[in-house]
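# Secondary and tertiary structure notes
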Amino acid sequence: MSAEETAFERVSKAILDKARAEAEEILNKARKEAEEIINKAKLRRRQEQKKEEAKIINDAKRKAKAVIVKALLKVRREQTEVKKKIVDNIVNRVRENLEKRNFDVSESLRKLLSEALRTLPQSDLIIYVSKADIDTIKKIVKEMKLEARVKDVREANIIGGIIVETVDGKFRVDNSYETRLEMVLSRLLPEISKELFGE
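Right, let's walk through the structure included here. Since the structure is predicted, the reported quantities are computational estimates derived from the model, not experimental observations.

## Some thoughts on the overall build of the protein chain
When helices and strands are tallied, the protein chain shows four helices and four strands. Counting helices and strands in the order they occur from the N terminus, the protein chain gives α-α-β-α-β-β-β-α. In terms of overall dimensions, the protein chain is more spread out than a globule: its C-alpha atoms have a radius of gyration of 49 Å, far above the 16 Å expected for 199 residues. Going through the 199 residues of the protein chain one by one, you find that 22% of them count as buried. Working note: accessible area of the protein chain is about 15,400 Å², and carbon and sulfur atoms make up 55% of it.

Here you go:
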């Protein structure tokens, strides 16, 4: 082998070694880049999974809250209905007692008329009572010597009590049992609710 061939082989080997080294370096660099790309992709996938999990969890929490709110509203509505039925039952019993008239109706009408007279101006009056109380109120008007002032006694669609108004209709006092009951209830219902329901 000549010196030229040996030099050629050495140069060829050096070029080949350099090419292998560069190829190895490129390959290592490519592996590192591929590994970084894979790691970034894995990280991105984990982040996206976490975002998706968080979204699913938040959606589930939102839906659970909506279900809870709906259930609470339903319970409150049902409680309100039950409370209303209880209060209505109490009011109906009071009304029934008023309709049964297990009290001195004459004395009741006398007091209600006296109260109305204190409120109304000194003028001619019309008195309204239930059909059952027309005779009773006429007797009371005579006893109280109000015949000159009371111009008429008329029937009203009320359970009982009395409504008195001036003939010109400018002033009116409603002392019917229904109105009195409403007034009492408006004051007492909060106390009744507190007593019955702890509100």
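## Quick notes on the sheet that holds strand 1 (residues 125-129)
Spatial ordering of the open sheet is given by 2-1-3-4, a layout of four strands whose pairing is mixed. Here the strands that pair on one side only, and so sit at the sheet edges, are strand 2 (150-155) and strand 4 (172-176). Ignoring strand direction, the axes of neighbouring strands in this sheet form an average angle of 15 degrees. The pairing of strand 3 (residues 161-166) with strand 4 spans five bridges and is antiparallel. Residue pairing across strands places Ile163 opposite Asp174, the latter belonging to strand 4.

## Here we look at the packing of aromatic side chains
Evaluated as defined, the whole model comprises one aromatic pair. A ring pair is formed by Phe103 and Tyr177, whose centres lie 5.8 Å apart and whose planes are at 70 degrees; its orientation type is edge-to-face. Taken together, the residues span a long stretch of sequence, with Phe103 in the loop between helix 1 (3-100) and helix 2 (105-119) and Tyr177 in helix 4 (residues 177-197) at a distance of 74 residues. Taking the relative accessible area as the measure of exposure, Tyr177 reaches 6% and is therefore buried. If you follow Arg172 out to its NZ or CZ, it ends over the ring of Tyr128, 5.8 Å from the centre.

## Topic: the nonpolar core
Within the largest apolar cluster, 23 residues are counted, with the highest numbers of intra-cluster contacts made by Leu113, Ile127, Val129, Ile137, Val153, Ile162 and Val164. Elements with a minimum of two residues in this core: helix 2, strand 1, helix 3 (134-143), strand 2 and strand 3. The element contributing the most residues to this core is helix 2, with six residues. The contacts of Ile137, once residues within four sequence positions are left out, are Leu109, Leu113, Ile127, Val129, Val153 and Ile162. The next biggest cluster of nonpolar side chains, apart from the first, holds five residues, and it includes Ile126, Ala156, Ile158 and Ile163.

## Thoughts on the side chain of Ser130
Relative to the assigned elements, Ser130 resides in the loop between strand 1 and helix 3. With relative accessibility at 5%, the residue Ser130 sits in the buried group. Side-chain polar atoms of Ser130 contact the side chain of Arg101, separated by 3.2 Å. Contact partners of Ser130, with chain neighbours within four places excluded, come to Arg101, Ala156, Ile158, Ile159 and Gly160.

What counts as what
Position numbers for residues start from 1 in each chain and track the written sequence from start to end. At least 70 in pLDDT is required for a residue's local features to be given in this predicted model, at least 80 for side-chain atom pairs to be given and counted, and no such filter applies to totals for whole chains, interfaces and linings, which use all residues. Excluding hydrogens and water, the side-chain values take into account all heavy atoms of the structure. Helical segments are the DSSP runs of H or I of at least four residues, strand segments are the runs of E of at least two, and each set is numbered from the N terminus. Radius of gyration here is computed from C-alpha atoms only, and the compact-globule reference equals 2.2 Å multiplied by the residue count raised to the power 0.38. Think of it in three bands: with a 1.4 Å probe and only protein chains considered, a residue is buried below 20% of the maximum accessible area for its type, exposed above 50%, and partly exposed in between. Throughout, the Shrake-Rupley method with a 1.4 Å probe supplies accessible areas, and for residues the shown protein chains are the sole cover considered. DSSP bridges decide pairing: two strands pair if at least two such bridges lie between them. A fitted line through C-alpha atoms represents every axis, and for helices the fit uses only the stretch in contact; the resulting angles, taken between N-to-C directions, go from 0 to 180 degrees. Aromatic rings from Phe, Tyr and Trp, taking only the six-membered ring of Trp, are treated as a pair when their centres fall within 6.5 Å; an angle between ring planes under 30 degrees marks them as stacked, one over 60 as edge-to-face, and anything in between as tilted. Cation placement over rings: the criterion is NZ of Lys or CZ of Arg within 6 Å of the ring centroid and within 35° of the ring normal. To qualify as a nonpolar core, a set must consist of buried Ala, Val, Leu, Ile, Met, Phe, Trp, Tyr and Cys residues joined through side-chain atoms within 4.5 Å. Whether two residues are in contact is decided by their heavy atoms: any pair within 4.5 Å suffices. Counted as a polar contact is a pair of N or O atoms within 3.5 Å, where, for protein atoms, one must be capable of donating a hydrogen and the other of accepting one, and residues adjacent in sequence contribute only when both atoms are in side chains.

All quantities given are derived from atomic positions and should not be read as evidence of function.
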